Amino acid sequence: MYNIIKRLFDLIASLIAIIILLPVFIPIIILLKFSGEGEIFYFQKRIGYKNKMFDIWKFATMLKNSPNMGTGSITLRNDPRVTSVGKFLRITKINELPQLVNVLIGNMSVVGPRPLVQRTFDAYPVHIREIVYNSKPGITGIGSVIFRDEEKMISSSSMDPHEYYDRVIAPYKGALEEWYQQNKTLLTDLKIIFLTMWVVVFPESELPHKMFK
């Protein structure tokens, strides 16, 4: 019953959100078309439901060849590969909104574990990799809320970015996603949606840690 209600919610929420956000999308599309490298959308292979690959939708925020430049799959704060428009879109998380199309199609949900590229997925412990995508990946999730400023965390560390991700972020994020698999309910999903909006407005808030002890 949970999965049926959740899919129905995803369909209605994504369709309404796309319609409401059209006045926001259109200026961004025009701005991206005539700035940077002229790319509007960025499609990338991500690991999804039952560990199957799919193409994720995002607004283009980085140079075309960015996966083969600098720190590769890891983006740092003030990363030189990010375009001027892209910097604003990333800070506000607006670059993630085209994933509403993924939700409408059905290869993502509003709430779930974030879909990762192969490199960062492989940083999870084996037992996490086996269960993390027993739920459809989400636009937001418990990992996204707690690690809402992952770029800043990685940039502030003296460790190599990939080493920091593998040793510090991946184990903790994996534990969070394991917790979600064990506690996913409609109420949990609604709390995560609320907290996602809350931390955008109040990025330094400790409310997520209070609601999910």
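The model shown is predicted, which means the values in this text are computed figures rather than measured ones. (Residues numbered from 1 in each chain as written. Predicted model: local features only at pLDDT ≥ 70, side-chain atom pairs only at ≥ 80, totals over all residues. Heavy atoms only, no water.)

**With respect to the overall build of the protein chain**
Item 1. Looking only at helices and strands, the protein chain has 10 helices and 4 strands in total.
Item 2. When the elements of the protein chain are put in sequence order from the N terminus, they spell out α-β-β-α-α-β-α-α-β-α-α-α-α-α.
Item 3. A compact globule built from 213 residues should have a C-alpha radius of gyration of about 17 Å, and the protein chain, at 17 Å, falls within 12% of that.
Item 4. Projected onto its principal axes, the C-alpha positions of the protein chain cover 45 × 45 × 35 Å.
Item 5. Put simply, the protein chain has 213 residues, and 45% of those count as buried.
Item 6. Counting only contacts in the protein chain whose residues sit at least 6 apart along the sequence, the fraction spanning at least 24 positions is 66%.
Item 7. Positive and negative side-chain charges in the protein chain, numbering 26 and 19 respectively, have mean positions lying 4 Å apart. (Helix = DSSP H or I, 4+ residues; strand = E, 2+ residues; numbered from the N terminus. Rg over C-alpha atoms; globule rule 2.2 N^0.38 Å. Buried < 20%, exposed > 50% of the residue type's maximum accessible area, 1.4 Å probe, protein only. Contact = heavy atoms within 4.5 Å. Lys, Arg positive; Asp, Glu negative; His and termini not counted. Charge placed at Lys NZ, Arg CZ, Asp CG, Glu CD.)

**Considering the side chain of R114**
Item 1. Among the secondary structure elements, R114 is positioned in the loop between β3 (109–111) and α4 (118–121).
Item 2. In this structure the side chain of R114 is engaged in a polar contact, spanning 2.7 Å, whose partner is the side chain of Q99.
Item 3. Separated by 3.2 Å, the side chain of R114 and the backbone oxygen of I139 make a polar contact. (Polar contact = N/O pair within 3.5 Å; in protein donor to acceptor, adjacent residues only side chain to side chain.)

**Description of the packing of aromatic side chains**
Two aromatic rings, taken as a pair, are described by how far apart their centres are and by the angle between their planes.
Item 1. Scanning the model with the defined rule gives 11 aromatic pairs in all.
Item 2. With 5.5 Å between their ring centres and 15° between their planes, F41 and F59 make a pair best called stacked. Here F41 is found in strand β1 (residues 41–47), whereas its partner F59 is found in strand β2 (residues 53–59), with 18 residues between them in sequence.
Item 3. For the pair F194 and W198, a centre-to-centre distance of 5.8 Å together with 35° between the ring planes defines the contact as tilted. Here W198 and F194 lie together in helix α9 (residues 186–201), a separation of 4 residues that amounts to about one turn.
Item 4. Judged by relative accessible area, which is 37%, F194 ranks as partly exposed.
Item 5. By relative accessible area, which is 29% here, W198 ends up partly exposed.
Item 6. Members of the aromatic cluster, joined through ring pairs, are F25, F41, F43, W57 and F59. (Phe/Tyr/Trp six-rings, centres within 6.5 Å; stacked < 30°, edge-to-face > 60°.)

**As for the layout of surface pockets**
Item 1. As a volume, the second largest pocket reaches approximately 210 Å³.
Item 2. Surrounding the second largest pocket, Y2, N3, K6, R7, D10, Y49, S109, N134, S135, K136 and K184 form its lining.
Item 3. At 5 residues, helix α1 (residues 2–33) tops the list of elements feeding residues into the lining of the second largest pocket.
Item 4. Each residue belonging to the lining of the second largest pocket can be placed in one class, and the counts come to 2 nonpolar, 4 polar and 5 charged. (1 Å grid on protein atoms, 1.4 Å probe; cavity = no way out; pocket = protein on both sides within 12 Å on 5 of 7 lines; lining within 4 Å. Points joined across faces, edges and corners; volume = space filled by probe spheres on them. Nonpolar A, V, L, I, M, F, W, Y, C, P; charged D, E, K, R; others polar.)

**A closer look at helix α8 (residues 161–183)**
Item 1. When the terminal C-alpha atoms of α8 are compared, their 31 Å separation across 23 residues agrees well with the 33 Å that a helix rising 1.5 Å per residue should span.
Item 2. Of all bends in α8, the biggest is about 40°, found at I169, and the proline P171 comes one to four residues later.
Item 3. Those residues of α8 that fall on the buried side of the exposure criterion are P161, Y164, Y165, I169, A170, K173, G174, L176, E177, Y180 and Q181.
Item 4. At the N-terminal end of α8, a side-chain oxygen is found 3.0 Å from the backbone nitrogen of H162, two or three residues along, and the residue is D160. (Expected span 1.5 Å × (residues − 1). Bend = angle between axes of the 7 residues up to and from the residue.)

**What about a nonpolar patch on the surface?**
Item 1. Taken together, L8, L11, I12, L15, I16, I19, I20 and L104 make up a surface patch of nonpolar side chains, about 720 Å² in accessible area.
Item 2. Per-element tally for the nonpolar patch: the top contributor is α1, with 7 residues.
Item 3. Along the chain, the position of L11 falls in helix α1. (Patch = residues over 30% accessible without salt bridge, like charges linked within 9 Å, V, L, I, M, F, W, Y side chains within 5 Å. Areas by Shrake-Rupley, 256 points an atom, 1.4 Å probe, with all protein chains shown as cover. Salt bridge = Lys/Arg side-chain N within 4 Å of Asp/Glu carboxyl O.)

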